[in-house]
Amino acid sequence: MTTSTEPFQASWFTRNKLKVAPFLFLAPALFFFCVYVVIPIFQSLQLSLFEWNGLYNADGESTATYIGLSNYTKLWNDPNFWVSIKNNILWIILYMLAIPAGLFVALFLNQTVTGMRFYKSLFFFPFVISQVVVGLIFGWFYNPDFGVIAKVWQLFFCEEAINIVGNVTIKCRVPVPDILSSPDWATYGIIFAGLWPQIAYCMILYLTGLNNVASEQIEAGRLDGAKGWKMLWYVVLPQLKPATFIAVIVTIIGALRSFDMIAIMTQGGPYGSTNVLSHYMFEVAISEYGERYGYGSAIATVLFGIMMIFISYFLWRMYQDEKRGT
């Protein structure tokens, strides 16, 4: 009987299984991400260089015509495009109000009192319902005939009168505002509706962050005489920096990709005054009066470029924080 003295040679996979395993688990997700996200992005970039109405000829060939950067030139001279850009900026600025509002709601809910779970569920409710439902609710809310604003307005500025035939009519010294029909106020009305679920989302982030606040630092702050705003500013907020960072990211991205409530509440009107880039892209490319796929792809490319600026900055910040070990 002979015994082999050759050392055991493990296979390459056995030696590197800890390095290979993560990629094996990620492979299916990466495959679908490339098929449904990455490839369509490049297809949209390519389509933005063509003029195409979505039709094919009898031979099955596309009727698209290459026009280079002409779609982007048209965008530069398109007033509706600049209105959409302005509205997107307005969405970003006003949407940031959700962050401090969510923080103060979270501070209010981060207490141990009777019935707090019920209150938390009430504040959490707007986050779980669809944006379409939110748009419908606020559409009724703003209705000048039976909406909440109309009823409150009639309470202060209107009075009942009886006409000759005995019918009761309501006469208003100041007409009831029709917010969604006003080019000056419709965008603000939609943003206010969007803030409702966004505040709930920021509240959840801050509630999670408050659970990780070090109680030792709170006690040390109290011993040093910190309370109220000083406790919040110097002790609590520095520990909520990760939650604030994520809240800023999702709020800005949510403002840039706003579409659902605009489509439900105003369809971009009146006179295109509430359009944002995402809805204007849909309007010119896919809607009933659109079928300008190349032009819509150019709008989508501009929106993608704007979002990539913010996303790249946030990823860089996250990398820097990880690099510093914070």
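Up top is the structure these notes are about.
## Regarding the overall build of the protein
Then, number 1: Looking only at helices and strands, one finds 15 helices and 4 strands in the protein.
Then, number 2: Relative to its length of 326 residues, the protein is extended, with a C-alpha radius of gyration of 28 Å against a globular reference of 20 Å.
Then, number 3: Overall size of the protein, expressed as C-alpha extent along the three principal axes, is 120 × 80 × 40 Å.
Then, number 4: The burial tally for the protein puts 35% of its 326 residues in the buried class.
Then, number 5: Expressed as a percentage of contacts within the protein between residues at least 6 apart in sequence, the contacts between residues at least 24 apart total 63%.
Then, number 6: When the accessible surface of the protein is summed, it comes to about 21300 Å², and 66% of that surface belongs to carbon and sulfur atoms.
Then, number 7: Separation between the mean location of the 19 positive side-chain charges and that of the 19 negative ones in the protein comes to 14 Å.

## Some thoughts on the packing of aromatic side chains
Then, number 1: All told, the structure shown has 23 aromatic pairs when counted by the stated rule.
Then, number 2: Between the aromatic rings of W52 and Y56, the centroid separation amounts to 5.5 Å while the plane-to-plane angle is 80°, which identifies the pairing as edge-to-face.
Then, number 3: By relative accessible area, W52 is classed as buried at 16%.
Then, number 4: Where F259 meets F282, the ring centres are 5.5 Å apart and the plane angle is 80°; that geometry is what we call edge-to-face.

## Brief notes about the environment of Y280
Then, number 1: Relative to the helices and strands, Y280 resides in helix α14 (residues 277-285).
Then, number 2: With relative accessibility at 4%, the residue Y280 sits in the buried group.
Then, number 3: Between the C-alpha atom of Y280 and that of F81, which follows or precedes it by 199 residues, the distance is 7.6 Å.
Then, number 4: Setting aside residues up to four positions removed in sequence, Y280 forms contacts with D78, N80, F81, S84, N275, Y295 and I299.
Then, number 5: There is a polar contact of 2.4 Å between the side chain of Y280 and the side chain of D78.

## So, the nonpolar core
Then, number 1: W91 and M265 are the most contacted members of the largest nonpolar core, which has 59 residues in total.
Then, number 2: Considering each element in turn, this core owes the most residues, 10 residues, to helix α9 (residues 186-211).
Then, number 3: With residues near it in sequence (within four places) discarded, M265 still touches G135, F138, G139, Y142, L180, I190 and A193.

## Regarding the environment of T63
Then, number 1: Turning to its location among the elements, T63 is positioned in the loop between β1 (50-51) and β2 (65-66).
Then, number 2: Exposure remark for T63: the relative accessible area of 33% places this residue in the partly exposed category.
Then, number 3: With 10 residues separating them in the primary sequence, T63 and N53 have C-alpha atoms 7.7 Å apart.
Then, number 4: Leave out the neighbours within four places in its chain, and T63 touches E51, W52, N53, L55, Y56 and N57.
Then, number 5: Engagement of the side chain of T63 in a polar contact is seen with the side chain of N53, the distance being 3.4 Å.

## Observations concerning unusual backbone geometry
Then, number 1: A cis amide bond links G269 with the next residue in sequence, P270, at an omega value of -5°.
Then, number 2: When you line up the elements, P270 lands in the loop between α13 (260-265) and α14.
Then, number 3: Phi angles above zero are rare outside glycine, and Q267 is one such case at about 55°.
Then, number 4: Among the structural elements, Q267 can be located in the loop between α13 and α14.
Then, number 5: Using a relative accessible area of 47% as the deciding quantity, one classes Q267 as partly exposed.
Then, number 6: Positive phi outside glycine occurs at Y271, with the angle close to 60°.
Then, number 7: You can call Y271 exposed: its relative accessible area is 81%.

## Description of the side chain of T301
Then, number 1: Relative to the elements of secondary structure, T301 occurs in helix α15 (residues 293-324).
Then, number 2: A residue is classified by how much of its surface remains accessible, and T301, at 14% relative accessible area, is buried.
Then, number 3: Each residue touching T301, except ones within four places of it in the same chain, is listed here: S44, L45, S48 and Y72.

## Topic: the packing of helix α5 (residues 98-109) against α9
Then, number 1: One can describe the packing of α5 onto α9 by two numbers: an axis separation of 7 Å at closest approach and a directional angle of 55°. With respect to each other, α5 and α9 are oriented oblique. Crossing handedness for the pair α5 and α9: right-handed. Facing α5, whose interface residues are A98, I99, A101, G102, L103, V105, A106, L107 and L109, α9 presents L195, Q198, I199, C202, M203, Y206, L207 and L210.

Parameters at a glance
Residues numbered from 1 in each chain as written. Predicted model: local features only at pLDDT ≥ 70, side-chain atom pairs only at ≥ 80, totals over all residues. Heavy atoms only, no water. Helix = DSSP H or I, 4+ residues; strand = E, 2+ residues; numbered from the N terminus. Rg over C-alpha atoms; globule rule 2.2 N^0.38 Å. Buried < 20%, exposed > 50% of the residue type's maximum accessible area, 1.4 Å probe, protein only. Contact = heavy atoms within 4.5 Å. Areas by Shrake-Rupley, 256 points an atom, 1.4 Å probe, with all protein chains shown as cover. Lys, Arg positive; Asp, Glu negative; His and termini not counted. Charge placed at Lys NZ, Arg CZ, Asp CG, Glu CD. Phe/Tyr/Trp six-rings, centres within 6.5 Å; stacked < 30°, edge-to-face > 60°. Polar contact = N/O pair within 3.5 Å; in protein donor to acceptor, adjacent residues only side chain to side chain. Core = buried A, V, L, I, M, F, W, Y, C linked by side-chain atoms within 4.5 Å. Axes fitted to C-alpha atoms, helices over the stretch in contact; angles between N-to-C directions. Parallel < 35°, antiparallel > 145°, perpendicular 65-115°, else oblique. Left-handed = near helix turned anticlockwise from the far one by under 90°.

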